[in-house]
Structures are given as C-alpha cells and as structure tokens.
Amino acid sequence: CQQASMAQDSKDISGPWSNRDSKIKLIGKLQSPNCGASLDVNVTGMQTAKVFEKASNAGLLATVSTLAHLTVTVKQMRYSSAQSTGVRVSMLTISAQAVLDSYLCLVFLFLSVTLEPLFFMWGSLAFLQFVTFSMIGMRFILLVWKMRRTDVFEQGWDAVRRELGFLYIRLYGSLFIGLILFYVFWGSLELYVLFLLSPWVPQIIHSAQHNFRGSVLKEYVCVSSMARLLPVLYVTACPSNFMQIAPNFQFALVATLWMALQVGIVYLQAWKGGWFVIPRVLLPARYNYYRALPVAESAAGAGDVEMQGAPADDLEAGTARECVICMQAVDSSGRGAVTPCNHV
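Residues numbered from 1 in each chain as written. Predicted model: local features only at pLDDT ≥ 70, side-chain atom pairs only at ≥ 80, totals over all residues. Heavy atoms only, no water.

Draft legend 1. Seen up close, helix H6 (residues 157-184). In this model H6 runs 40 Å from its N-terminal to its C-terminal C-alpha over 28 residues, within 8% of the 40 Å that 1.5 Å per residue would give. Of all the positions in H6, only Ala159, Val160, Glu163, Leu167, Leu171, Leu175 and Gly178 are classed as buried. Check the buried side of H6 and you find it contacts helix H3 (91-114), helix H4 (119-148), helix H5 (150-153) and helix H7 (189-196). (Helix = DSSP H or I, 4+ residues; strand = E, 2+ residues; numbered from the N terminus. Expected span 1.5 Å × (residues − 1). Buried < 20%, exposed > 50% of the residue type's maximum accessible area, 1.4 Å probe, protein only. Contact = heavy atoms within 4.5 Å.)

Draft legend 2. Molecular detail of the environment of Tyr220. Looking at the element boundaries, Tyr220 is found in helix H9 (residues 218-237). Its relative accessible area of 3% is what places Tyr220 among the buried residues. In this structure the C-alpha to C-alpha distance between Tyr220 and Thr71, which are 149 residues apart in sequence, comes to 8.8 Å. Look past the residues within four positions of Tyr220 in its chain and what remains in contact with it is Val72, Thr73, Gln76, Gln97, Phe140 and Trp200.

Draft legend 3. Summary view of the environment of Ala252. Examined against the element boundaries, Ala252 turns out to sit in helix H10 (residues 249-272). Leave out the neighbours within four places in its chain, and Ala252 touches Leu233, Thr236 and Ala237.

Draft legend 4. Main features of the packing of H3 against H6. Where H3 meets H6, the axes come as close as 10 Å, and the angle between the chain directions of the two elements is 50°. Between H3 and H6, the angle is such that the two are oblique. Read as a crossing pair, H3 and H6 show a hand that is right-handed. Between H3 and H6, the contacting residues are Met91, Ser95, Val99, Ser102, Tyr103 and Leu106 on the first element and Leu167, Leu171, Ser174, Leu175, Gly178 and Leu179 on the second. (Axes fitted to C-alpha atoms, helices over the stretch in contact; angles between N-to-C directions. Parallel < 35°, antiparallel > 145°, perpendicular 65-115°, else oblique. Left-handed = near helix turned anticlockwise from the far one by under 90°.)

Draft legend 5. Quick look at the nonpolar core. Core analysis: the largest hydrophobic core is formed by 39 residues, its most contacted members being Met91, Ile94, Phe140, Ile141, Trp200 and Tyr220. Contributions of two or more residues to this core are made by helix H1 (48-79), H3, H4, H6, H7, H9 and H10. With eight residues, H4 is the largest single contributor of residues to this core. (Core = buried A, V, L, I, M, F, W, Y, C linked by side-chain atoms within 4.5 Å.)

Written out as structure tokens, the structure reads:
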C-alpha cells in the first residue's frame, strides 16, 4: 500500500490559562489511498526546558520565603524565652506551624524527585524545611511546653519523659491525621487548604481567654503568614506555574482575605488587648484601680469620704492619707491606684 503522511507542530491554545509557552501540540495524519485507511494522531507535550526554568524560579522564591520564616521564628523564640512572654504563645499555633513545615518538606522532596535536573535545588530546600520543622519548630514547642508545665519537673524525670512522650505522640499523630484528611477531602481541597491556613485561630482564642497583649512579634506573624500563603497563591493565582495547574483566582482571593483577617485580629489584640474580640456586654466586671482617692479617716471617726485633694503637708496633722508602701503623703489631687480595701 502506498502511504502518505503529514504532520503539523503547533502550540496548544486550549483555554485562556493553559501555559501556552510551555505546551506544544503535534497533529499528524497517516493515510493509505490504496487500502482506504487513515490514522489521525493528536499528541500534546511540554517544553521541558521552559518548565524547568519556571521550576527553578519557583525554587528560588521558596528558598527566600523559607529563610525569612526561619529567621523570624528564631527571633520569636528569643522573645518567648522569658516566662512572662512564653506562656502567652498558643501551643496549638506553633504546633500547626510545625505541621505545615513538615508538609512543605514532603512537597519539596516530591518535587526534587520528580524534577530530576533540579534535584539539588529542591532537595536542599526540602532539607532546609526539614531543619525548620525538626529542630527550630520542635525546640519552640518544647520551650513553650516547659514554661507551661513547670509542675512536671517537680515530679521527677520519669514524669517528664512520660509527658514528653505524650507530646510527641500528639504532634506526630496530628501530622498523620492531616495526611488522612488530605485523602478524605480530595474532592474539596479548597476547604482543607483553608483549614491549613488557619494557624492563628488558636492564638486568637488563647489571647482572648487570658486577655494577653503582645503575645507574638508582629514581624513573626506577618512573615510566617506570607510564607504559608505564598505556595497557595503560586498554584492558584499564577497562570504560568510550572505544575500546569489552571488558576483559581476566586479561591486565591478567599485564602488571602482569610489570612489577612487572622493577622488583623492578632494585631488588634496586641494593640487593644486580648478581649478585643469579645463583645463588651459579655466581659466580666473589672475593678477600676484609678477611681477617686478616698480621704483618710478623720480623728472624729466619721469614716472615709470623697474629697477633691489633700496637701502633702497634712500628713503631719493626721488629716491626709499615707502610702502603705513608701509611707509618704498621697496627693489626692493627682492620679493614683486604689485597691478595693482603700489602700493607696
């Protein structure tokens, strides 16, 4: 049979966001006039050179993001090393940060195996993410746990080892449960990703419960949030990502607004106090330590009465109130703290 063939090499133009510069389409047709047979061939492929170039640029961006997150985490650890600041940090928040680091480590490791020419770059990035999770993140968790469970150390090392074992079981158990949930919610990954992008919710609740102010550094909140949001935005908002995934701008906007809402509430709690998120009508009554200063009891025993001011030299005459700490005269015309038992 005589055969005739023709082929055409053209770019793929299916869809407005289909990485046109990375995809190619090969269209071919094989005909046999004598036998009356024909074969149509339609093959779509990728230009690997451009894909690897995009993957290299994405790897550099991820490296900068990881190093920035690592730097602010170390700074936050130093800030939280004191007892007064360490107890303000939520254990669930830093545990969620560690779990996210472990997931990113798995993703980078998978990319290093898949993109063999870029194995060194993505493999080094996976190792850096592993260090962030296993050394920095775990040390931060142990630091906060030690400040909260000081009573365990009084019970001996057996109790310390037992509590540490429970801590590791809960942490690694949550990691594996997250992987299982990833499989279960495969059909609705958007909800699962939004759940992963909620690391500051436990911190907001923790600060609201104890009325903490300034629990975490602002740069730690900002940089960590950007590091978590950046991979999601690259996949959902970048039309020419190297993974050939069609963008979803609506979800990218929702994820950005959700993370920005959390960061905004954390900042407002650092400014106005942890009870900022609780309506005023639900707050308990608080004693006002800056109420009007009461006058000292008169020699006639008439009792404490309100007055506008008292000169300091009235202490010698026994008509002015004296401070119970420094034993000096209290100027009632100024502002001072008054206890419920009228001690100034």
